[in-house]
Amino acid sequence: MKRYLFICLFFLLIPLLAEANEKVIQLQYKPKSSVNVQIKKVPPIRIFWEGIRDTRKRPREIGENQEEKNKFIRIVTSDDRQVRNFILTVLKNEFNAIGLRLANNADTADRLLSGSVMEFWTIEGRTYNSETRLALEIKDKAGTVLFKHVYSGVGTNRGRSLSEVNYQESISESLVRVTEQILADSAFLAALVEESKPAPSEEKTAKEKTTEVKPEKEKKDKSVQEKPAGDKPSEEKKNAEIQAEQKKLEAKRLEEIRAEEKRLEEKRLLEKRAAEKRQEEIRAEEKRLEELREEIKRLEEKKAEEKRQEEIRAEEKRLEEIRAELKRLEEKRAQETTATTVTTEGAAEEKSGTKTKTKKPSPSPTQPAKTKDPYFGPK
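Calculation notes
Residues numbered from 1 in each chain as written. Predicted model: local features only at pLDDT ≥ 70, side-chain atom pairs only at ≥ 80, totals over all residues. Heavy atoms only, no water. Helix = DSSP H or I, 4+ residues; strand = E, 2+ residues; numbered from the N terminus. Buried < 20%, exposed > 50% of the residue type's maximum accessible area, 1.4 Å probe, protein only. Contact = heavy atoms within 4.5 Å. Areas by Shrake-Rupley, 256 points an atom, 1.4 Å probe, with all protein chains shown as cover. Phe/Tyr/Trp six-rings, centres within 6.5 Å; stacked < 30°, edge-to-face > 60°. Expected span 1.5 Å × (residues − 1). Salt bridge = Lys/Arg side-chain N within 4 Å of Asp/Glu carboxyl O. Pairing = 2+ DSSP bridges. pLDDT = per-residue confidence, 0-100. Axes fitted to C-alpha atoms, helices over the stretch in contact; angles between N-to-C directions. Parallel < 35°, antiparallel > 145°, perpendicular 65-115°, else oblique. Left-handed = near helix turned anticlockwise from the far one by under 90°. Nonpolar A, V, L, I, M, F, W, Y, C, P; charged D, E, K, R; others polar.

Chemist: Residue-level account of the overall build of the chain, with values.
Modeler: Within the chain one finds 7 helices and 8 strands. Considering the chain as a whole, with its 379 residues, one finds that 24% of them fall into the buried category. Restricting to contacts in the chain with at least 6 residues of sequence separation, those with at least 24 account for 73%. Element-wise, carbon and sulfur atoms account for 53% of the exposed surface of the chain, whose accessible area totals about 28,800 Å².

Chemist: Now, about the packing of aromatic side chains: what can you tell me, with residues and values included?
Modeler: Counting across every chain of the model gives 4 aromatic pairs. Through successive ring pairs, a cluster of aromatic residues spans Trp-49, Phe-95, Phe-147 and Phe-188.

Chemist: Talk me through helix H3 (residues 164–184); I want residue IDs and the actual numbers.
Modeler: For H3, built from 21 residues, the straight-helix expectation of 30 Å at 1.5 Å per residue is met to within 8% by its first-to-last C-alpha distance of 30 Å. Extensive coverage of H3 is indicated by the burial of 18 of its 21 residues.

Chemist: An account of the pattern of salt bridges is needed here, citing residue identities and associated values.
Modeler: Tallied over the full model, the rule gives 19 salt bridges. A salt bridge links Glu-119 to Arg-133, with the shortest nitrogen-to-oxygen separation between them at 3.7 Å. Remark: Arg-133 occurs in strand S7 (residues 128–139) and Glu-119 occurs in strand S6 (residues 111–124); sequence separation between them is 14 residues. Taking the relative accessible area as the measure of exposure, Arg-133 reaches 27% and is therefore partly exposed. A cluster of three or more residues bridged by salt bridges with shared partners is formed by Glu-22, Arg-58, Glu-61 and Arg-74.

Chemist: Any details on the pairing of strand S4 (residues 73–76)? Residues and values, ideally.
Modeler: As paired elements, strand S1 (residues 22–24) and S4 share 3 bridges and run parallel to each other. Bridging from a neighbouring strand, Glu-22 pairs with Arg-74 of S4. When strand S3 (residues 61–65) meets S4, the two strands line up antiparallel, connected through 4 bridges. Paired with Gly-63 across the two strands is Ile-75, which belongs to S4.

Chemist: How would you summarise the confidence of the model for the chain if you had to cite specific residues and measurements?
Modeler: Mean pLDDT over the chain works out to 81, with 75% of the residues at or above the 70 mark. Here residues 13–19 is a poorly scored stretch, pLDDT under 50, and it has 0 contacts once near neighbours within four places are set aside; other chains count. Counting contacts from residues 209–230, a segment whose pLDDT is below 50, to residues more than four positions away or on other chains yields 2 contacts.

Chemist: Break down the packing of helix H2 (residues 82–98) against H3 for me, with residues and values.
Modeler: Axis separation between H2 and H3 bottoms out at 11 Å; the angle between their running directions is 50°. One way to sum up the angle between H2 and H3 is to call them oblique. Two packed elements cross with a definite hand, and for H2 against H3 that hand is right-handed. Here H2 contributes Phe-86, Ile-87, Val-90, Leu-91, Glu-94, Phe-95 and Ile-98 to the contact with H3, which in turn contributes Ile-171, Leu-175, Thr-179, Ile-182 and Leu-183. Here the contact of H2 with H3 is composed, by residue class, of 10 nonpolar, 1 polar and 1 charged.

If you want it as structure tokens, here you go:
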């Protein structure tokens with residue numbers, strides 16, 4: 001019976017232990033900076049987002065607090081779908097803001113876009129460090145894959161321990177970096193407008209078939225291939241310009257990050273100094289409080305001593321009064337005793353004198369009375 005109760009108690013405590021080692025937060029888009037990319041010529045196509053898949057093993061887990069070495073706290077979301085829905089919403093809003101047109105369904109779209117969440121993790125130590133890694137895929141209306149690439153971005157932040165807002169800001173910054181990489185990628189933009197290309201297996205089959213085509217067809221294909229060859233320098237120049245612009249943007253962004261890091265370091269230094277000053281004030285207040293406590297204790301002891309002295313004086317005064325009262329009573333009693341003694345003696349004397357006067361000797365009835373000798377005078 002005891003073993004059964006122990007097992008039941010253990011399974012009841014498991015959820016409580018799990019809750020103590022994890023913190024649930026809600027994902028909200030709160031970037032400190034905006035997407036710093038401008039597209040010179042927005043592709044005149046409509047994009048339909050098929051969705052975002054979460055390929056991570058634990059979709060709810062998004063980070064970990066590692067401030068204490070022996071007590072890591074997992075950061076989780078409320079459900080398994082929150083991460084992919086959050087990323088999809090952010091990308092849709094940023095694509096709209098940059099000018100790309102989004103379709104409401106696949107039938108009215110020119111390109112189909114989908115993604116997979118490969119990494120979505122934030123480590124909280126002295127700072128918040130977030131990393132988001134996303135694989136994007138572009139397909140045409142027929143479902144042919146035109147483009148695949150993996151984009152990643154990091155976000156850093158400082159703040160209070162286990163702050164939901166600081167987690168949201170750090171995660172949002174990583175998504176801003178991912179969005180900048182996507183929109184600054186010339187290959188991604190080119191895949192939105194270029195014609196469909198066969199898959200690698202289809203290319204091999206087509207290559208085998210071309211060996212059996214007639215010479216006229218080969219010449220035609222050759223002329224078709226030579227035609228864009230003349231435009232190759234301009235295309236390379238355009239790509240070089242895009243890459244140069246991308247490098248400028250990256251250099252600018254790097255300077256902004258360094259400036260932001262410097263600002264945060266200065267802010268942290270100021271906060272550290274303020275915290276040290278506050279600690280000194282707290283220590284001074286604690287010392288003053290201790291002195292006040294000692295003073296209160298001393299005064300209470302003094303007051304208690306004075307009260308005790310007053311009680312002693314009152315007791316001595318009362319004792320003197322009792323002694324005086326006792327002396328008075330003793331004197332009164334002595335006087336009363338003396339008066340009683342005198343009165344008793346007087347009464348006794350009076351009583352004895354009366355008895356002497358009244359008592360007369362009576363002659364004995366058996367003996368004759370003695371005659372008195374005659375008195376003869378001098379001769």
